[in-house]
Amino acid sequence: PKDTVKLDMEITPELKREGLMRDILRSIQEERKKLGLHYEDKANLSIYGEKTLLDIVNDMKEMLEDEANIKSISIDETIENMALFDGLPLGLVLKK
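Below is a summary of the structure that appears in this document.

What counts as what
Residues numbered from 1 in each chain as written. Predicted model: local features only at pLDDT ≥ 70, side-chain atom pairs only at ≥ 80, totals over all residues. Heavy atoms only, no water. Helix = DSSP H or I, 4+ residues; strand = E, 2+ residues; numbered from the N terminus. Rg over C-alpha atoms; globule rule 2.2 N^0.38 Å. Buried < 20%, exposed > 50% of the residue type's maximum accessible area, 1.4 Å probe, protein only. Contact = heavy atoms within 4.5 Å. Areas by Shrake-Rupley, 256 points an atom, 1.4 Å probe, with all protein chains shown as cover. Lys, Arg positive; Asp, Glu negative; His and termini not counted. Charge placed at Lys NZ, Arg CZ, Asp CG, Glu CD. Salt bridge = Lys/Arg side-chain N within 4 Å of Asp/Glu carboxyl O. Polar contact = N/O pair within 3.5 Å; in protein donor to acceptor, adjacent residues only side chain to side chain. Arc of directions from axis to C-beta.

## With respect to the overall build of the chain
Each helix and strand counted, the chain has three helices and four strands in total. Along the chain, from the amino end to the carboxyl end, the secondary structure elements read α-β-α-α-β-β-β. For the chain, the C-alpha radius of gyration of 16 Å lies well beyond 12 Å, the compact-globule estimate for 96 residues. Along the three orthogonal principal directions, the C-alpha set of the chain runs to about 60 × 30 × 20 Å. Taking all 96 residues of the chain together, 29% fall into the buried category. Excluding contacts between residues fewer than 6 apart, the proportion of contacts in the chain whose partners are at least 24 apart in sequence is 78%. Just so you have it, the chain exposes about 7,000 Å², and 50% of that area is on carbon and sulfur atoms. Taken as two groups, the 15 positive and 21 negative side-chain charges of the chain have centres that lie 4 Å from each other.

Written as structure tokens, this is what we have:
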């Protein structure tokens, strides 16, 4: 008999949230690159968007500090350029 593997293809809320966190982190890293920031350069992050995404960013604060060298996160309602993360809008602005 051949061995079989059954994959659970269900996307749980936890998996969806983790995927959104990674997408947001990737977006922030791309912005750092566009700004010409080096790894050791700290940056301030301003965000605005849908509450679910704002909560996720707040929950991943330590990850952002460690992996993206973010020193502060603030809400800025004037951000107009929004990207969609799983259909939800979030604006990200980095400043050195």
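Moving on from the model shown.
## Quick word on the pattern of salt bridges
Where side chains of opposite charge bring their charged atoms close, a pairing between them can arise. Taken as a whole and assessed by the stated rule, the structure comprises seven salt bridges. Lys51 is the salt-bridge partner of Asp55, the closest N and O atoms lying 2.8 Å from each other. Of this pair, Asp55 and Lys51 are both found in helix 2 (residues 51-59), four residues apart, which corresponds to roughly one turn of the helix. Its relative accessible area of 56% is what places Lys51 among the exposed residues.

## Notes on the side chain of Arg32
Tracing the backbone shows Arg32 in helix 1 (residues 13-34). It is Asp41 that comes nearest to the buried, bridge-free Arg32 among opposite-charge side chains, at 5.5 Å. Once residues within four sequence positions are removed from consideration, Arg32 is found in contact with Leu37, His38, Tyr39, Asp41, Ala43, Ala68, Asn69 and Leu94.

## Details of the side chain of Ser46
Within the secondary structure, Ser46 sits in strand 1 (residues 43-49). A polar side-chain atom of Ser46 sits 3.4 Å from a polar atom in the side chain of Ser74. If we ignore the near neighbours within four places in the chain, the residues touching Ser46 are Ser74, Asp76, Ile79, Gly91, Leu92 and Val93.

## So, helix 2
Within the span of helix 2, buried status applies to Leu53, Leu54, Ile56 and Val57. Buried positions in helix 2, seen along its axis, are confined to an arc of 160° and lie on one side of it. The exposed residues of helix 2 that point more than 90 degrees off its buried face are Lys51, Asn58 and Asp59. Packing partners of the buried residues in helix 2 comprise helix 1, strand 1, helix 3 (61-67), strand 2 (70-75), strand 3 (83-85) and strand 4 (88-95). The N-cap of helix 2, judged by a side-chain oxygen 2.7 Å from the amide nitrogen of Thr52 a few residues on, is Glu50.

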